[in-house]
Amino acid sequence: MTAINFLYFVFIAAVAFGAGYFMRKSLAEAKIASAEEAARRIIQDAERDAEAKHREMMLEAKEEAHKLRSELEREHRERRNELQQQERRLMQKEEAIDRRSDNVDRKEALLEKEKKQLTESQEAVERILGEQQAELQRISELSLEEARELILRQVEEAIKHETAMMIKDIETQAKDEAEKRAREVLSLAIQRCAADHVAESTVSVVNLPNDEMKGRIIGREGRNIRTLETLTGIDLIIDDTPEAVILSGFDPVRREIARIALEKLVADGRIHPARIEEMVEKAQREVEATIREEGEQATFETDVHGLHPELIRMLGRLKFRSSYGQNVLKHSVEVAHLAAMMAAELGADEKLARRAGLLHDIGKAVDHEVEGTHIQIGVDLLKRYKESPEVIHAIQCHHGDYEPESIEAVLVAAADSVSAARPGARRETLESYIKRLERLEGIADSFEGVEKAYAIQAGREIRIMVKPERIDDAEAVWIAREISKRIEGELEYPGQIKVTVIRETRAIEYAK
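Residues numbered from 1 in each chain as written. Predicted model: local features only at pLDDT ≥ 70, side-chain atom pairs only at ≥ 80, totals over all residues. Heavy atoms only, no water.

Q: Which residues make up the overall build of the chain, and what values do they have?
A: Along its length, the chain carries 14 helices and eight strands. Per-residue burial over the chain gives 29% buried out of 512 residues. Of the contacts formed within the chain by residues at least 6 apart in sequence, a portion of 62% connects residues at least 24 apart. Carbon and sulfur atoms make up 53% of the accessible area of the chain, which amounts to about 34700 Å² in all. (Helix = DSSP H or I, 4+ residues; strand = E, 2+ residues; numbered from the N terminus. Buried < 20%, exposed > 50% of the residue type's maximum accessible area, 1.4 Å probe, protein only. Contact = heavy atoms within 4.5 Å. Areas by Shrake-Rupley, 256 points an atom, 1.4 Å probe, with all protein chains shown as cover.)

Q: An account of the nonpolar core is requested, with residue identities and associated values reported.
A: Among the nonpolar cores identified, the biggest contains 42 residues, and Leu307, Leu315, Leu358, Leu359, Leu382 and Val391 are the most heavily contacted of them. Listing elements by their share of this core, those giving two or more residues are α7 (309-317), α8 (328-346), α9 (350-359), α10 (374-384), α11 (389-396) and α12 (407-421). Leu208, Val253, Ile260 and Val287 belong to the second largest nonpolar core, which has 26 residues in total. (Core = buried A, V, L, I, M, F, W, Y, C linked by side-chain atoms within 4.5 Å.)

Q: Which residues make up the pairing of strand β7 (residues 461-466), and what values go with them?
A: Where strand β6 (residues 450-456) meets β7, six bridges bridge the pair, whose relative direction is antiparallel. From the neighbouring strand, Val450 faces β7, where its bridge partner is Val466. Sheet analysis places β7 next to strand β8 (residues 498-503), joined by six bridges and oriented parallel. Residue pairing in the sheet places Ile464 in a bridge with Val501 of β8. (Pairing = 2+ DSSP bridges.)

Q: Summarise the sheet that holds strand β1 (residues 204-207); cite the residues concerned and give the values.
A: Strand order in the open sheet formed by three strands is β1-β3-β2, with antiparallel pairing between adjacent strands. Two strands in the sheet have a free side with no partner beyond their single neighbour: β1 and β2 (235-237). Strand-to-strand twist in this sheet, taken as the mean axis angle between neighbours without regard to direction, amounts to 30°. Taken together, the three bridges between β2 and strand β3 (residues 244-248) define a ladder with antiparallel strand orientation. Residue Leu236 lies in a different strand from β3, and its bridge partner there is Leu247. (Axes fitted to C-alpha atoms, helices over the stretch in contact; angles between N-to-C directions.)

Q: Describe empty space enclosed by the protein, and please don't skip the residues or the numbers.
A: The gaps of empty space that remain are located by a probe, the size of a water molecule, rolled over the atoms. Following the criterion strictly, the structure yields one cavity of 30 Å³ or more and no others. Taken together, Ile217, Asn224, Leu228, Leu262, Leu265, Ile271 and Ile276 make up the full set of residues lining the largest cavity. Secondary-structure elements contributing two or more residues to the lining of the largest cavity are α4 (223-232) and α5 (252-268). (1 Å grid on protein atoms, 1.4 Å probe; cavity = no way out; pocket = protein on both sides within 12 Å on 5 of 7 lines; lining within 4 Å. Points joined across faces, edges and corners; volume = space filled by probe spheres on them.)

Q: Before we move on, could you go through the sheet that holds β8 and cite the residues and values that matter?
A: Across the sheet, three strands lie side by side as β6-β7-β8; this open sheet has mixed pairing. The sheet is open, and its two borders are formed by β6 and β8, each paired with just one other strand. Within the sheet, the average angular offset between the axes of one strand and its neighbour, ignoring direction, is 20°. Against the sheet, helix α14 (residues 473-490) touches β7 and β8, its axis set at about 155° to β8.

Q: Lay out α5 in plain terms, naming residues and giving numbers.
A: With 17 residues, α5 extends 24 Å from end C-alpha to end C-alpha; this agrees with the ideal 24 Å at 1.5 Å per step. Within α5, burial applies to Pro252, Val253, Arg255, Glu256, Ile257, Ala258, Ile260, Ala261, Leu262, Leu265 and Val266. (Expected span 1.5 Å × (residues − 1).)

Q: So, the packing of helix α6 (residues 273-302) against α8: which residues are in play, and what are the values?
A: Across the interface, α6 lies against α8 with an axial gap of 10 Å and an inter-helix angle of 15°. With respect to their mutual orientation, α6 and α8 come out roughly parallel. Judged by the twist between their axes, the crossing of α6 over α8 is right-handed. Contacts between α6 and α8 involve Glu294, Ala298, Glu301 and Thr302 from the former and Leu329, Val333, Ala336 and His337 from the latter. (Parallel < 35°, antiparallel > 145°, perpendicular 65-115°, else oblique. Left-handed = near helix turned anticlockwise from the far one by under 90°.)

Q: An account of α11 is needed here, citing residue identities and associated values.
A: Burial analysis of α11 places six of its eight residues in the buried class, the great majority of the element. Three or more residues of α11 are buried, namely Val391, Ile392, His393, Ala394, Ile395 and Gln396.

Q: Can you break down unusual backbone geometry residue by residue, with the values?
A: Of note in this structure, Asp303 is not a glycine but carries a positive phi near 60°. Considering the arrangement of structural elements, one finds Asp303 in the loop between α6 and α7. Looking at Asp303, the relative accessible area reads 47%, which means it is partly exposed.

Q: Account for the packing of α8 against α9, with residues named and values stated.
A: The geometry of α8 relative to α9 is characterised by a closest axis approach of 7 Å and an angle of 160° between their N-to-C directions. In terms of orientation, α8 and α9 fall into the roughly antiparallel class. Like other packed secondary-structure pairs, α8 and α9 cross with a definite hand, here right-handed. Residues Ser332, Val333, Val335, Ala336, Ala339, Ala340, Ala343 and Ala344 of α8 pack against Glu350, Ala353, Arg354, Gly357 and Leu358 of α9. Its residues assigned to classes, the contact of α8 with α9 shows nine nonpolar, two polar and two charged. (Nonpolar A, V, L, I, M, F, W, Y, C, P; charged D, E, K, R; others polar.)

Q: Residues and numbers for the side chain of Arg355, please.
A: Of note, Arg355 is situated in helix α9. Residue classification places Arg355 among the buried positions, given a relative accessible area of 17%. The contacts of Arg355, once residues within four sequence positions are left out, are Val304, His305, Gly306, Leu307, Glu387 and Val391.

Q: Could you give an account of a nonpolar patch on the surface, with specific residues and numbers?
A: On the surface, Phe6, Leu7, Phe9 and Val10 cluster together into a nonpolar patch covering about 440 Å² of accessible area. Position of Val10 among the secondary structure elements: in helix α1 (residues 2-140). Using a relative accessible area of 38% as the deciding quantity, one classes Val10 as partly exposed. (Patch = residues over 30% accessible without salt bridge, like charges linked within 9 Å, V, L, I, M, F, W, Y side chains within 5 Å. Salt bridge = Lys/Arg side-chain N within 4 Å of Asp/Glu carboxyl O.)

Q: Tell me what's going on with a negative patch on the surface, and back it up with residues and numbers.
A: A cluster of acidic residues, Glu94, Glu95, Asp98, Asp102, Asp105, Glu108 and Glu112, forms a negative patch on the protein surface. Mapped onto the elements, Glu94 comes out in helix α1. (Lys, Arg positive; Asp, Glu negative; His and termini not counted. Charge placed at Lys NZ, Arg CZ, Asp CG, Glu CD.)

Written out as structure tokens, the structure is:
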């Protein structure tokens, strides 16, 4: 029973397995058939879509090809038109070149013909000119060289006359405005600057109450005078001058110290070496105080501020310095005022002109102690104390040693000349004065045709009499100009010198 059951169970299992197998197979075949049907449908749809896409792409490609073909045809037409235009232009240029070539050929032929005619004419002219020159030489009895020299002399005289007249016209035209304006500026500046005559004596004289005081100043065996001279560095001249002692020395400050000390000693009456040393020390302190006060007063009077204290002290030393008898400090103050006034009239820098005018002679304060010109010494001092380059440049130019680059430099030089040249400002020795006048007249007498020359107005003007039969009016202008150039180049003088050439013709008859 058990085996039967087992077999039955096996049989049932086999039947079930077979039934399941056939059932799965039928289901699989059904799914495969359905999948194949779906695949066929998908392939058909894809083929239809691909065909539609292909047709669409073909249409787009045809349209793009048509568009490109149209653009190429348009570009081809434009290029062809452009080439046709260039071809037409080239043809026109070729035609123009051909015409120009024909014209050039005709002109060359014409020029060749004219050249030939010109050569023939030139030969004829030269032949006629030779005949005329020969005839002229025969008639005038002058060679070709002599005739050329005669013509050149005539042309030279004519040009000289024309040049002199032109110079006269140009100078007259330029001076009409320049001199008028310069005269207005200078006269206004001088009128507004009410300065005193600044000429002073450079000799220090101490008056004595009696001649007995001279012996006391000398002292026993000259010990007093030696002590005073040693301490001050000044020579005392005690001569026959009644009741006076003369102080001589190159240093004006030391001379002033000696003067004050000697006056104190004379007033005190006690004169011996110890007392002399004490009085000299007091005089030194007084002079130093005076120097500071004078320098500060000068800066206050000219309204110049911000100067280094040492420069103010140098200005104060100028009170004891003179040039040709002119006090240098007063001269510097006057130059500052004149330069500032002229700068104000011309619209220049008034403060710069005033500052440079006040400091322009600062080098004279120590020029007896330092080597070099007072200009170079002054420039070195100003550079040391940090003055502005504009002020230094103006000081460099005030004697014409450097070319001025600013209007203030020109104004300082002009103010310096005005202050030094005005009447009463300076003195000079009789010998140098006479030599200058003689040299001035000698320059004028050296010119041909000058009859006599006279230096007048203390050498400020020279009048030249010329021979009227040898010098005409035009040559008189030329002579005046040349003499003024010679004077500028050979003489040194303050201010300016007027040159006047006089040509006079007199006709005299007597009625009987």
